[in-house]
Amino acid sequence: QVQLVESGGGLVQPGGSLRLSCVASTNIFDIAVAGWYRQAPGKQRELVATISRGGSTNYADSVKGRFTISRDNAKNTVYLQMNSLKPEDTAVYYCNLKIFTVDYWGQGTQVTVSS
């Protein structure tokens, strides 16, 4: 059984940076594929980035070069460093773990990019 808690969201100006964190309450975090997704009002949830057990990463085209996903297995934590933020990055960001094909989700953290 897995619980995920995101933090680090908030209000930031365009061009600014935020780092999101997600702490997982599981003892099998190290075998999970971790990811970040986001959902803006009126839109479907979309993939932002994923990171495999071995550290291989994948990014949505819209965030390549600006966002970096990382993980610390010893701390059961996945991070999303977001730089050069744009208003279109505004969304609720959700942490995801996939373990044995089962998806677990956090409750989300709001990121608002606005002047």
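Trainee: Before we go on, may I ask you to explain the overall build of the protein in this structure?
Mentor: The helix and strand tally for the protein stands at 0 helices and 11 strands. Listing the helices and strands of the protein from first to last along the sequence gives β-β-β-β-β-β-β-β-β-β-β. A globule of 115 residues ought to have a C-alpha radius of gyration of about 13 Å, and the protein, at 13 Å, matches this closely. Reported as C-alpha extents along the three principal axes, the dimensions of the protein are approximately 40 × 25 × 25 Å. With 115 residues in all, the protein has 43% of them scored as buried. In the protein, the proportion of contacts linking residues at least 24 apart, taken out of those at least 6 apart, comes to 54%.

Trainee: Explanation requested: the environment of Asp 72 in the structure shown.
Mentor: Note that Asp 72 resides in strand S7 (residues 67-72). Ignoring sequence-local partners within four residues, the contact set of Asp 72 consists of Phe 29, Thr 77 and Tyr 79.

Trainee: How do you make sense of the packing of aromatic side chains when you look at a structure like this?
Mentor: The way to describe two aromatic rings as a pair is by their centre distance and the angle between their planes. Taken as a whole and judged by the stated rule, the model has 1 aromatic pair. Between Tyr 37 and Trp 105, the aromatic rings sit 5.0 Å apart at their centres with planes inclined by 70°, giving edge-to-face as the arrangement. Of the two residues, Tyr 37 sits in strand S4 (residues 33-39) while Trp 105 sits in strand S10 (residues 102-105), which places them 68 residues apart along the sequence. A cation over an aromatic ring shows up here: Arg 45 above the ring of Tyr 94, its NZ or CZ 3.9 Å from the ring centre. Between Arg 45 and the ring centre of Trp 105, over which it is positioned, the NZ or CZ distance is 4.5 Å.

Trainee: I'm lost on the state of the cysteines in this one. Help?
Mentor: Where two cysteines share a covalent bond between their sulfur atoms, that bond is called a disulfide. Applying the stated criterion across every chain, the model contains 1 disulfide. Shown here is the disulfide that connects Cys 22 with Cys 95, its sulfur atoms set 2.1 Å apart. Here the disulfide of Cys 22 and Cys 95 is left-handed, its torsion about the S-S bond being about -85°. Of this pair, Cys 22 sits in strand S3 (residues 18-24) while Cys 95 sits in strand S9 (residues 91-99), and the two are 73 residues apart along the sequence. Neither residue differs from the other here; Cys 22 and Cys 95 are each classed as buried.

Trainee: I would appreciate a short explanation of the pairing of S9 in the present structure.
Mentor: In the case of a regular strand, side chains alternate between the two sheet surfaces. By the criterion of burial, S9 is predominantly enclosed, with 7 of the 9 residues buried. Of the pairings in the sheet, the one linking S4 to S9 comprises 7 bridges and is antiparallel in character. Residue Trp 36 lies in a different strand from S9, and its bridge partner there is Cys 95. Examined bridge by bridge, S9 and strand S11 (residues 109-113) share 3 bridges and lie antiparallel to one another. Within S11, the position partnered with Val 92 by the bridge is Gln 110. Here S9 pairs with S10 via 4 bridges, running antiparallel. Residue pairing for S10: Ile 99 is matched across the bridge by Val 102. Where S9 folds back on S10, the antiparallel hairpin that results is connected by 2 residues, among which Phe 100 adopts a positive phi of roughly 55°.

Cut-offs used in this document
- Residues numbered from 1 in each chain as written.
- Predicted model: local features only at pLDDT ≥ 70, side-chain atom pairs only at ≥ 80, totals over all residues.
- Heavy atoms only, no water.
- Helix = DSSP H or I, 4+ residues; strand = E, 2+ residues; numbered from the N terminus.
- Rg over C-alpha atoms; globule rule 2.2 N^0.38 Å.
- Buried < 20%, exposed > 50% of the residue type's maximum accessible area, 1.4 Å probe, protein only.
- Contact = heavy atoms within 4.5 Å.
- Phe/Tyr/Trp six-rings, centres within 6.5 Å; stacked < 30°, edge-to-face > 60°.
- Lys NZ or Arg CZ within 6 Å of the ring centre and 35° of its normal.
- Disulfide = S-S within 2.5 Å.
- Pairing = 2+ DSSP bridges.

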